Amino acid sequence: MGYSVAAGATGRLLFGYDSFGNVCGKKNSPVEGAPLSGQDMTQKKHVFFMNSCNLEVKDVRLSSTVLCVSSCPEEQLDTLEEVQLFANTSGSFLCVYNLNSFNYTQIPNADLLCPRLPVPPSKSFPLFNRCIPQTPECYSLFASVLINDVDSLHRILSGIMSGRDTVLGLCILAFALSLAMMFTFRFITTLLVHIFIALIVLGLLFVCGVLWWLYYDYANDLSIELDTERENMKCLLGFAIVSTVITAVLLILIYVLRKRIKLTVELLQVTNKAISSSPFLLFQPLWTFAILIFFWVLWVAVLLSLGTAGAAQVIEGGQVEYKPLSGIRYMWWYHLIGLIWTSEFILACQQMTVAGTVVTCYFNRNKSDPPDRPILSSLSILFCYHQGTVVKGSFLITVVRIPRAVLMYVYNTLKQKQDSALSRCVSQCCCCCFWCLDKCFRHLNQNAYTTTAINGTDFCTSAKDALKLLSKNSSHFASVNCFGDFIIFLGKVLVVCFTVFGGLMAFNYHRVLQVWAIPLLLVAFFAYLVAHSFLSVFETVLDALFLCFAVDLETNDGSSEKPYFMDQEFLNFVKRINKLNTRAQRNKNSLTSEEGTELRPL
């Protein structure tokens, strides 16, 4: 991070720069050997190409001279007199800086120092602040050369920066939706669950329909000539297929588990009672969200610096070009690993804090007198003793995600090369296995954190103890607990669905000059991360309660000498679950005995 910030120049990417090493819209320092560098471009914020209708790339460099101007010409200029008049009236000089506007029509070689005539009408677009020609023939040539020949990293970064207002608005929308979902779960009822599931079904179907409609619109658009539009179309097809599969799987699961809704509502109400003993747990995600925002802003700033890392070199004519550093620009893979690991570490700290708070409140004999400041106590224990546990757990998730990313890259490469269907199928199966492994490790991590909060043991010992306890006591209400986790997961899906739908509608208006598929993916990931940080409070409390209950059964028998730590309401709920499980087991045994020859008397 330190090297990329020192070697990079994010301003060149954000504001654009001319052929002489000046960043538009800023005061610049001179480059040795370039007499026209180091100028004050505070009032000149737009990038103008002197030969925008005949752009060519020679040796990875644009053949046209680029200038910083105060405004783009909105009308066509056919003669040098009109160029001179435009400079005098608007203060925007379209010829090389060392040529005075009074000499535009006087010097014989002025046509070499001024833009090629006619100058097409142009309009500033927030993609590197370039003056984009508006005539159809110039626009197609300009965009095909300028956008298609910029490398992939710059195209992605330009898509992020040109839609930065939209990305910020969608992040705020995800934050608001996550808050709404958190309060919905706090005061949940059976009616609210039914309304919530109906919204989930409608949201999933709606997003799938919009994705397929947009792909159909792109596929039937005959004017698609740019790589950005083709990439957006391919990504839309991928989004549509993935969302359709996810929708089908979730709808099947909702239909199969529909009879568990009433018990799930009771379980969530028990969870809310545990939260009410320490209500400030609901504000814990706000701190996590603030830390995540700070880290993401820092991460994006470093990514922008990685994309602009380069050294200035003076070439012929006193012009300046920036030679990219070959090694540092490929370190964004390493930077991506840092994003995953650090994000998981921040979320794991929240899980550890919530689990410690639940454990402190659960193993308190006097329920009418809750412990003082359990959240602060849990935080202090985390930072003093259990940082290594959290680092190990988050690193475990990162290690599982790296092979998934590599396999997805291999799969996309095989798909582009039209390799055998068997190799693509094998890579997809491996990706699916790593996804399942990721989910298993997440569940294991959560239980390991709770066991660490109970026993104070290290990560590996806690994980082993948690597996033993869960396997011994899984018959009590594991199925209802899983469906409770599934309902909470649906809440996260609802937040992502509405955020992605808003992103599709917003980004679709700027479909030509942006690779908006990557920003949309980042927004979807961020929306899920925010929803997870808010709703995982309920998930963590639910899993921690189950593990505390298992420990309570192991160490106590409900007698006067060894009474249970759980309250009466929780105990009654467990008894109802056991009765339902016993009844279901009897029904299963009776169905099995129907195949016999005769019935035995009881």
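Everything numeric here is computed off the predicted structure, so don't read it as measured data.

Regarding the overall build of the protein chain
Piece 1. When helices and strands are tallied, the protein chain shows 19 helices and six strands.
Piece 2. Within the protein chain, counting contacts between residues at least 6 apart in sequence, those at least 24 apart form 72% of the total.
Piece 3. Of the accessible surface of the protein chain, which amounts to about 30,600 Å², a share of 63% is contributed by carbon and sulfur atoms.

A short note on the packing of aromatic side chains
Piece 1. Inspection of the entire model under this criterion finds 13 aromatic pairs.
Piece 2. Ring centres of phenylalanine 175 and phenylalanine 534 lie 5.6 Å apart, and the angle between their planes is 70°; on these two criteria the pair is classed as edge-to-face. Taken together, the residues span a long stretch of sequence, with phenylalanine 175 in helix α7 (residues 164-186) and phenylalanine 534 in helix α18 (residues 517-555) at a distance of 359 residues.
Piece 3. Relative to phenylalanine 459, the ring of tyrosine 449 lies with its centre 6.5 Å away and its plane at 55°, an arrangement referred to as tilted. Of the two residues, tyrosine 449 sits in helix α15 (residues 421-455) while phenylalanine 459 sits in helix α16 (residues 459-472), which places them ten residues apart along the sequence.
Piece 4. Among the residues examined, tyrosine 449 registers a relative accessible area of 1% and is labelled buried.
Piece 5. With relative accessibility at 7%, the residue phenylalanine 459 sits in the buried group.

So, helix α3 (residues 80-90)
Piece 1. Those residues of α3 that fall on the buried side of the exposure criterion are Leu80, Val83, Gln84, Phe86 and Ala87. Relative to the axis of α3, the buried residues are bounded by an arc of 160° and lie together on one face. Residues of α3 that are exposed and angled more than 90 degrees away from the buried face: Leu85 and Thr89.
Piece 2. Those residues of α3 that are buried are in contact with α4 (110-113).
Piece 3. In the segment just after α3, glycine 91 is the residue with positive phi, at about 75°.

Quick word on the packing of helix α11 (residues 284-307) against helix α12 (residues 332-362)
Piece 1. Interhelical geometry of α11 versus α12 gives an angle of 170° and a closest axis separation of 11 Å. The orientation of α11 with respect to α12, classified from their angle, is roughly antiparallel. Residues Gln284, Pro285, Thr288, Ile291, Leu292, Phe295, Trp296, Trp299, Val302, Leu303 and Leu306 of α11 form the contact with α12, whose own contacting residues are Trp332, His335, Leu336, Gly338, Leu339, Thr342, Ser343, Ile346, Leu347, Gln350, Thr353 and Val354.
Piece 2. Class assignment of the residues belonging to the contact of α11 with α12 gives a composition of 15 nonpolar, eight polar and no charged.

Observations regarding the state of the cysteines
Piece 1. Using the criterion set out here, one finds three disulfides in the structure.
Piece 2. For cysteine 24, the disulfide goes to cysteine 68, at an S-S distance of 2.0 Å. Its torsion about the S-S bond being -80°, the disulfide of cysteine 24 and cysteine 68 is classed as left-handed. Placement of the pair is cysteine 24 in the loop between α2 (10-15) and β1 (46-49) and cysteine 68 in strand β2 (residues 66-69), with a sequence separation of 44 residues.
Piece 3. Shown here is the disulfide that connects cysteine 95 with cysteine 114, its sulfur atoms set 2.0 Å apart. Here the disulfide of cysteine 95 and cysteine 114 is right-handed, its torsion about the S-S bond being about 110°. Taken together, the positions of cysteine 95 in the loop between α3 and α4 and cysteine 114 in the loop between α4 and β3 (122-125) put the pair 19 residues apart, joining distant regions of the chain.
Piece 4. Assessed through its relative accessible area of 1%, cysteine 95 is described here as buried.
Piece 5. Free of any disulfide, cysteine 497 has its nearest cysteine sulfur in cysteine 208, 7.8 Å distant.

Remarks on the confidence of the model for the protein chain
Piece 1. Of all residues in the protein chain, 80% attain a pLDDT of 70 or more, and the chain-wide mean is 78.
Piece 2. When mean pLDDT is compared element by element in the protein chain, β2 scores highest at 92, while helix α6 (residues 152-162) scores lowest at 55.
Piece 3. For residues 591-602, every residue scores under 50 in pLDDT, and the model assigns this stretch zero contacts once sequence neighbours within four places are set aside.

Concerning unusual backbone geometry
Comment: phi is negative for the bulk of residues other than glycine, and the bulk of peptide bonds are trans.
Piece 1. The linkage connecting leucine 117 with the following residue, proline 118, adopts the cis geometry, with an omega of -10°.
Piece 2. Mapped onto the secondary structure, proline 118 falls in the loop between α4 and β3.
Piece 3. A positive phi angle, near 45°, is found at arginine 373, a position not held by glycine.
Piece 4. In this fold, arginine 373 is placed in the loop between α12 and α13 (374-385).

Some words on a nonpolar patch on the surface
Piece 1. On the surface, Leu191, Leu192, Ile195, Leu199 and Phe498 cluster together to form a nonpolar patch covering roughly 430 Å² of accessible area.
Piece 2. You can see leucine 192 is positioned in helix α8 (residues 190-219).

What about α16?
Piece 1. The terminal C-alpha atoms of α16 lie 20 Å apart, and with 14 residues this matches the ideal 20 Å at 1.5 Å per residue to within 8%.
Piece 2. Taken as a whole, α16 has its buried residues at Phe459, Ser462, Ala463, Ala466, Leu469 and Leu470. Down the axis of α16, the buried side of the element spans an arc of 130°, and every buried residue falls inside it. Exposed residues pointing more than 90 degrees away from the buried face of α16 are listed as Cys460, Leu467, Lys468, Ser471 and Lys472.
Piece 3. One side-chain oxygen of the residue at the start of α16 lies 3.2 Å from the amide nitrogen of cysteine 460, identifying that residue as aspartate 458.

Brief notes about the pattern of salt bridges
Piece 1. For the structure shown, the criterion picks out four salt bridges.
Piece 2. The shortest N-O distance in the salt bridge between arginine 442 and aspartate 438 comes to 3.4 Å. You can see arginine 442 and its partner aspartate 438 sitting in helix α15, four residues apart, about one turn around the helix.
Piece 3. Glutamate 539 is paired through a salt bridge with lysine 492; the nearest N and O atoms lie 2.8 Å apart. Residue glutamate 539 is located in helix α18, and its partner lysine 492 is located in helix α17 (residues 478-507); the two are separated by 47 residues in the primary sequence.
Piece 4. Beyond isolated ion pairs, a larger network of salt bridges with shared partners links Glu344, Arg401, Asp438 and Arg442.

Calculation criteria
- Residues numbered from 1 in each chain as written.
- Predicted model: local features only at pLDDT ≥ 70, side-chain atom pairs only at ≥ 80, totals over all residues.
- Heavy atoms only, no water.
- Helix = DSSP H or I, 4+ residues; strand = E, 2+ residues; numbered from the N terminus.
- Contact = heavy atoms within 4.5 Å.
- Areas by Shrake-Rupley, 256 points an atom, 1.4 Å probe, with all protein chains shown as cover.
- Phe/Tyr/Trp six-rings, centres within 6.5 Å; stacked < 30°, edge-to-face > 60°.
- Buried < 20%, exposed > 50% of the residue type's maximum accessible area, 1.4 Å probe, protein only.
- Arc of directions from axis to C-beta.
- Axes fitted to C-alpha atoms, helices over the stretch in contact; angles between N-to-C directions.
- Parallel < 35°, antiparallel > 145°, perpendicular 65-115°, else oblique.
- Nonpolar A, V, L, I, M, F, W, Y, C, P; charged D, E, K, R; others polar.
- Disulfide = S-S within 2.5 Å.
- pLDDT = per-residue confidence, 0-100.
- Patch = residues over 30% accessible without salt bridge, like charges linked within 9 Å, V, L, I, M, F, W, Y side chains within 5 Å.
- Salt bridge = Lys/Arg side-chain N within 4 Å of Asp/Glu carboxyl O.
- Expected span 1.5 Å × (residues − 1).
- Polar contact = N/O pair within 3.5 Å; in protein donor to acceptor, adjacent residues only side chain to side chain.

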